[in-house]
Amino acid sequence: MNTPMIVLLLGEFDIILGRDKLAINHTGNRRYRRLIEMNFERYQQCGAARNGTKRCIANEVIQVIQRSGGQSIQESGGRFLKKNEQNGTYEEVDPKYAHDKASHALRSHNKKKSPRGGREPRRVARKLPTPEEDRMFGSLYHNQQIIFRELLKKGKLMRNKE
């Protein structure tokens, strides 16, 4: 079993796995989401193909991330990092785990666009008021109008001048 590589400094191309604020707002994660968005249609067009095309697309996404950056150590390529909850450090995940995460992101990308996770909008049955409820509401509304007019006459209510 390999000891995970502890990361002391987060790079701007690194992908932070998780759902916390840092992971959502990190520059590398925003680029990663954009990359997923750019490759989503191509991934979906593969359908249920068993020829490894989907795997190749996920690998391409990972390679783009790993090749990001400049020539210096400070500008090295992006890594997939996971926070170690016991000591608070970030550790680089193994390539298979990174591939699984990229594949999952490509599969579920479209589901995140709707508030219900890709499902149909929730339908709420509207209850129409009964004739009795209609009469009660009309009576209350009428009484309220009378009270407002009386308060305006007595100067206890100011009229809005818009």
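Residues numbered from 1 in each chain as written. Predicted model: local features only at pLDDT ≥ 70, side-chain atom pairs only at ≥ 80, totals over all residues. Heavy atoms only, no water.

A. Summary view of the environment of Leu106. For Leu106, the location among the structural elements is in helix α4 (residues 95-108). By relative accessible area, Leu106 is classed as buried at 0%. Expressed as a C-alpha distance, the spacing of Leu106 and Phe40, which sit 66 residues apart in the sequence, is 5.6 Å. (Helix = DSSP H or I, 4+ residues; strand = E, 2+ residues; numbered from the N terminus. Buried < 20%, exposed > 50% of the residue type's maximum accessible area, 1.4 Å probe, protein only.)

B. Looking closely at helix α3 (residues 53-67). The end-to-end C-alpha distance of α3 is 21 Å, a good match for the 21 Å that 15 residues give at a rise of 1.5 Å each. Taken residue by residue, α3 has Ile57, Ala58, Val61, Ile62 and Ile65 as its buried positions. End-on, the buried residues of α3 take up no more than an arc of 135°, which puts them together on one face. In this structure, α3 carries Arg55 and Arg67 as exposed residues pointing more than 90 degrees from its buried face. (Expected span 1.5 Å × (residues − 1). Arc of directions from axis to C-beta.)

C. Region of interest: the sheet that holds strand β2 (residues 15-17). Read across the open sheet, the four strands follow the order β1-β4-β3-β2; overall the sheet is mixed. The open sheet has two edge strands with one neighbour each: β1 (6-7) and β2. Here β1 runs beside strand β4 (residues 90-92); their pairing, made up of two bridges, is antiparallel. Across the sheet, residue Ile6 finds its bridge partner in β4, namely Glu91. (Pairing = 2+ DSSP bridges.)

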